[in-house]
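Fold and geometry: a report
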Amino acid sequence: MPDFQTYLCLTHNGEEHEIDVRISYDATYQAEYTTGLPENCYPAYGEMDLTAVEAIGALPDGITHGMLTVAAVADNDRLEQEAWEDFMSLGVDE
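Residues numbered from 1 in each chain as written. Predicted model: local features only at pLDDT ≥ 70, side-chain atom pairs only at ≥ 80, totals over all residues. Heavy atoms only, no water.

Moving on to the packing of aromatic side chains. For the structure on display, the rule yields four aromatic pairs. Centroid distance Tyr25 to Phe87: 6.4 Å. Interplanar angle 75 degrees. Geometry classified as edge-to-face. Taken together, the residues span a long stretch of sequence, with Tyr25 in strand 2 (residues 15-30) and Phe87 in helix 2 (residues 76-89) at a distance of 62 residues. A relative accessible area of 9% means that Phe87 is categorised as buried. Consider the rings of Tyr29 and Trp84, whose centres lie 6.4 Å apart with planes at 65 degrees: the pair is edge-to-face. Taken together, the residues Tyr29 in strand 2 and Trp84 in helix 2 connect sequence positions 55 residues apart. (Phe/Tyr/Trp six-rings, centres within 6.5 Å; stacked < 30°, edge-to-face > 60°. Helix = DSSP H or I, 4+ residues; strand = E, 2+ residues; numbered from the N terminus. Buried < 20%, exposed > 50% of the residue type's maximum accessible area, 1.4 Å probe, protein only.)

Set out below in structure tokens:
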């Protein structure tokens, strides 16, 4: 299962924290096919599933894994975009 490093921002007790995390994901991708007969052509298709968020290093006092999960859900669009960038960097789009 591929993964990448990024960060999550969250506020606890009025203090902002930027926490380094590792995000694991499952992805499927089918490249577009645009040559040949029209009935044989189809657009690109992909599906991204973020499967785990794990802190890199110790968490600040009072920050829990559950809080990281909530922050990841709130920042899902950015994390999915970064996961697609990581996935495509692996050479699967060729």
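Our next topic: the nonpolar core. Ranked by size, the top nonpolar core spans 17 residues in total, and within it Leu8 and Val21 carry the most contacts. Mapped by element, the contributors of at least two residues to this core are strand 1 (3-12), strand 2, strand 3 (45-55), helix 1 (65-74) and helix 2. Beyond its immediate chain neighbours, meaning those up to four positions away, Leu8 contacts His17, Glu18, Ile19, Val21, Val53, Leu68, Ala71, Ala72, Asp75, Arg78 and Leu79. (Core = buried A, V, L, I, M, F, W, Y, C linked by side-chain atoms within 4.5 Å. Contact = heavy atoms within 4.5 Å.)

So, on to the pairing of strand 2. Pairing analysis gives 10 bridges linking strand 1 to strand 2, with the strands arranged antiparallel. If you follow Gln5 over to strand 2, its bridge partner there is Arg22. Taken together, strand 1 and the strand that follows it, strand 2, pair antiparallel across an intervening segment of two residues, in which Asn13 is found at a positive phi of about 55 degrees. In this sheet, strand 3 lies alongside strand 2 in antiparallel orientation, the contact comprising 10 bridges. Each bridged residue has a counterpart across the sheet, and for Asp26 the counterpart in strand 3 is Asp49. (Pairing = 2+ DSSP bridges.)

Next up on the list: the pattern of salt bridges. Applying the stated criterion across every chain yields a total of three salt bridges. The closest approach of N and O atoms between Arg22 and Asp3, which form a salt bridge, is 3.4 Å. In this pair, Arg22 is assigned in strand 2 and Asp3 in strand 1, connecting sequence segments 19 residues apart. Arg78 is paired through a salt bridge with Glu82; the nearest N and O atoms lie 2.5 Å apart. Of this pair, Arg78 and Glu82 both sit in helix 2, separated by four residues, roughly a single helical turn. One continuous salt-bridge network, built from bridges that share partners, spans Asp75, Arg78 and Glu82. (Salt bridge = Lys/Arg side-chain N within 4 Å of Asp/Glu carboxyl O.)

Even without a glycine there, the phi angle at Asn13 is positive, about 55 degrees. Along the chain, Asn13 falls in the loop between strand 1 and strand 2.

Our next topic: the sheet that holds strand 2. The three strands lie next to each other as 1-2-3, forming an open sheet whose pairing is antiparallel. If you trace the sheet from one side to the other, it starts and ends with strand 1 and strand 3, each paired once. With direction set aside, neighbouring strand axes in the sheet form an average angle of 35 degrees. Against the sheet, helix 1 makes contact with strand 1, strand 2 and strand 3, and its axis sits at roughly 100 degrees relative to strand 1, the strand it touches most. (Axes fitted to C-alpha atoms, helices over the stretch in contact; angles between N-to-C directions.)

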